[in-house]
Amino acid sequence: NAGVRLHGVRKTYGDGTVALDDVSLSVPPGRFVSLIGPSGCGKSTLLRLVAGLEAQDHGQVSVHGVSPEDACAAKLIGLVPQTPALLPWLDVLRNVTLPRRMNRRAAARRAEIAGVEARAVLQEPDMLSLLARAGLAEAVHRLPSQLSGGMQQRVAIVRAFGLRPDVLLMDEPFSALDEFTREALQEQLLDLWDELQTTVLFVTHSIQEAVRLSDTVVVMAPDPGRVVDVIDIDLPRPRG
Ligand code: ADP
Ligand code: ADP
């Protein structure tokens, strides 16, 4: 029961929009999965369900066999949202090391109860070197309001990397970045994936990016949001 699993999941929003209908997906540990499809097909909703930020009205979602809430509390999950959620009163370094300082005992306890191993997040010197590799060396003591949108996004990505999560969820993390930064961070993402055997769920609107980075592409369609194809990049599945 390791990895990420959705079984028969439906998500209806308050206004009656069926964002996901009968979605089943099994992502084995260590896979890099891209979610692609037109706007409104439920990619972000799927990610938010796995992150425990939304609840489905039907079906099951599990991460390493436990609920998304428990997995989050045990720090198994790192999330890069579509727009970076940085704390405005903390400088860059404090923002990226925040998960380390927050609730460590509570996290360990939740992990123990859920029967999973809580993860050790990166120490400050390692965080500084990650920030430098993301081109943020000069910015470590600046506040988010003193950064461009692209820089804020890089900080959010570094924070998630620094968690060294088992499951990394990313919602179009690179779309707002210039091409140089995008390439550099894509390389870092692949390094991290290699090193940690992280399971990655990656939402993108770029088919090229999906094919380049991931080993599985999940194709979704809207009205209602659903999975229409799962394509294995290295081993094309027989169709028919
Ligand atoms: P995608 O990420 O593929 O663009 P979303 O998951 O954002 O798709 O949205 C799927 C569907 O759910 C869309 O029709 C969208 O308008 C709707 N939706 C998303 N979030 C909400 C919300 N908070 N309230 C109501 N409808 C929503
Ligand atoms: P994406 O489709 O890539 O998720 P959107 O711009 O559609 O991006 O959504 C951005 C935010 O707006 C999300 O938090 C989503 O929940 C919310 N949202 C999207 N569609 C609706 C909707 N129809 N009603 C209310 N909130 C929505």
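Residues numbered from 1 in each chain as written. Chains lettered and ligands numbered in written order. Predicted model: local features only at pLDDT ≥ 70, side-chain atom pairs only at ≥ 80, totals over all residues. Heavy atoms only, no water.

Any chance you could break down the overall build of the protein chain for me, citing the residues and the numbers?
Helix and strand counts for the protein chain stand at 8 helices and 9 strands. The burial tally for the protein chain puts 47% of its 240 residues in the buried class. Intrachain contacts of the protein chain at a sequence separation of at least 6 include 67% that bridge at least 24 residues. Of the accessible surface of the protein chain, which amounts to about 11600 Å², a share of 51% is contributed by carbon and sulfur atoms. (Helix = DSSP H or I, 4+ residues; strand = E, 2+ residues; numbered from the N terminus. Buried < 20%, exposed > 50% of the residue type's maximum accessible area, 1.4 Å probe, protein only. Contact = heavy atoms within 4.5 Å. Areas by Shrake-Rupley, 256 points an atom, 1.4 Å probe, with all protein chains shown as cover.)

I'd like a description of the sheet that holds strand 2 (residues 18–27), backed by residues and values.
On the basis of which strands lie adjacent, the open sheet formed by 3 strands has the order 2-1-4 and antiparallel pairing. Single-partner strands in this sheet number two, and they are strand 2 and strand 4 (58–63). Here the strands of the sheet are splayed against their neighbours by 20° on average, with no regard to which way each runs. Bridging between strand 1 (residues 4–12) and strand 2 involves 6 bridges; their strand directions are antiparallel. Its bridge partner lying in strand 2, L6 is registered against L25. (Pairing = 2+ DSSP bridges. Axes fitted to C-alpha atoms, helices over the stretch in contact; angles between N-to-C directions.)

Tell me what's going on with the layout of surface pockets, and back it up with residues and numbers.
By volume, the second largest pocket is sized at about 260 Å³. Every residue lining the second largest pocket is counted, 14 residues in all, and those nearest its centre are R182, Q186, S206, Q208 and E209. Going through the elements one at a time, helix 7 (179–196) and helix 8 (207–213) are the ones with two or more residues in the lining of the second largest pocket. With 4 residues, the top contributor of residues to the lining of the second largest pocket is helix 7. A breakdown of the residues in the lining of the second largest pocket according to their chemical character gives 2 nonpolar, 6 polar and 6 charged. (1 Å grid on protein atoms, 1.4 Å probe; cavity = no way out; pocket = protein on both sides within 12 Å on 5 of 7 lines; lining within 4 Å. Points joined across faces, edges and corners; volume = space filled by probe spheres on them. Nonpolar A, V, L, I, M, F, W, Y, C, P; charged D, E, K, R; others polar.)

Before we move on, could you go through the environment of R10 and cite the residues and values that matter?
For R10, the position within the fold is in strand 1. What makes R10 partly exposed here is its relative accessible area of 30%. Sequence separation between R10 and D57 is 47 residues; the distance between their C-alpha atoms is 5.8 Å. Discounting chain neighbours no more than four positions away, the residues touching R10 are V18, L20, D21, D22, Q56, D57 and H58.

Describe in detail the site of ligand 2, supporting the description with residues and values.
The full set of residues close to ligand 2 is S44, R48 and Q82. The side chain of R48 places a nitrogen or oxygen atom 3.0 Å from an oxygen atom of ligand 2. Computed on the free molecule, ligand 2 has an accessible area of 540 Å², of which 30% lies beneath the protein chains in the complex. (Near = heavy atom within 4 Å. Polar contact = N/O pair within 3.5 Å; in protein donor to acceptor, adjacent residues only side chain to side chain.)

How would you explain the site of ligand 1 if you had to name every residue and give the values?
Around ligand 1 sit 13 residues, and of these G40, G42, K43, S44 and T45 come closest. In this structure, K43 approaches ligand 1 through a side-chain N or O atom, which is 2.9 Å from an oxygen atom. About the coverage of ligand 1: the protein hides 65% of its 560 Å² of free accessible area. Top contributing element to the shell around ligand 1 by residue count: helix 1 (residues 43–50), with 4 residues. Across the shell around ligand 1, the residue classes break down as 4 nonpolar, 6 polar and 3 charged.

Any details on helix 5 (residues 124–133)? Residues and values, ideally.
Since the α-helix advances by 3.6 residues per turn, residues separated by three or four positions end up pointing in the same direction. Residues of helix 5 that are buried include every one of M127, L130 and L131, and no others. What you see down the axis of helix 5 is that its buried residues fit within an arc of 100°, all on one side. Positive backbone phi, approximately 75°, marks G135, located one or two places after helix 5. (Arc of directions from axis to C-beta.)

Requested: an account of the packing of helix 6 (residues 149–162) against helix 7, with residues and values cited.
Where helix 6 contacts helix 7, the axes come no closer than 12 Å and their chain directions differ by 5°. Viewed along their axes, helix 6 and helix 7 adopt a mutual orientation that is roughly parallel. Across the interface between the two elements, R154, I157 and F161 of helix 6 pack against T181, L185, Q188, L189 and L192 of helix 7. In the contact of helix 6 with helix 7, the residues fall into 5 nonpolar, 2 polar and 1 charged. (Parallel < 35°, antiparallel > 145°, perpendicular 65-115°, else oblique.)

That's the geometry; what it means functionally is another story.
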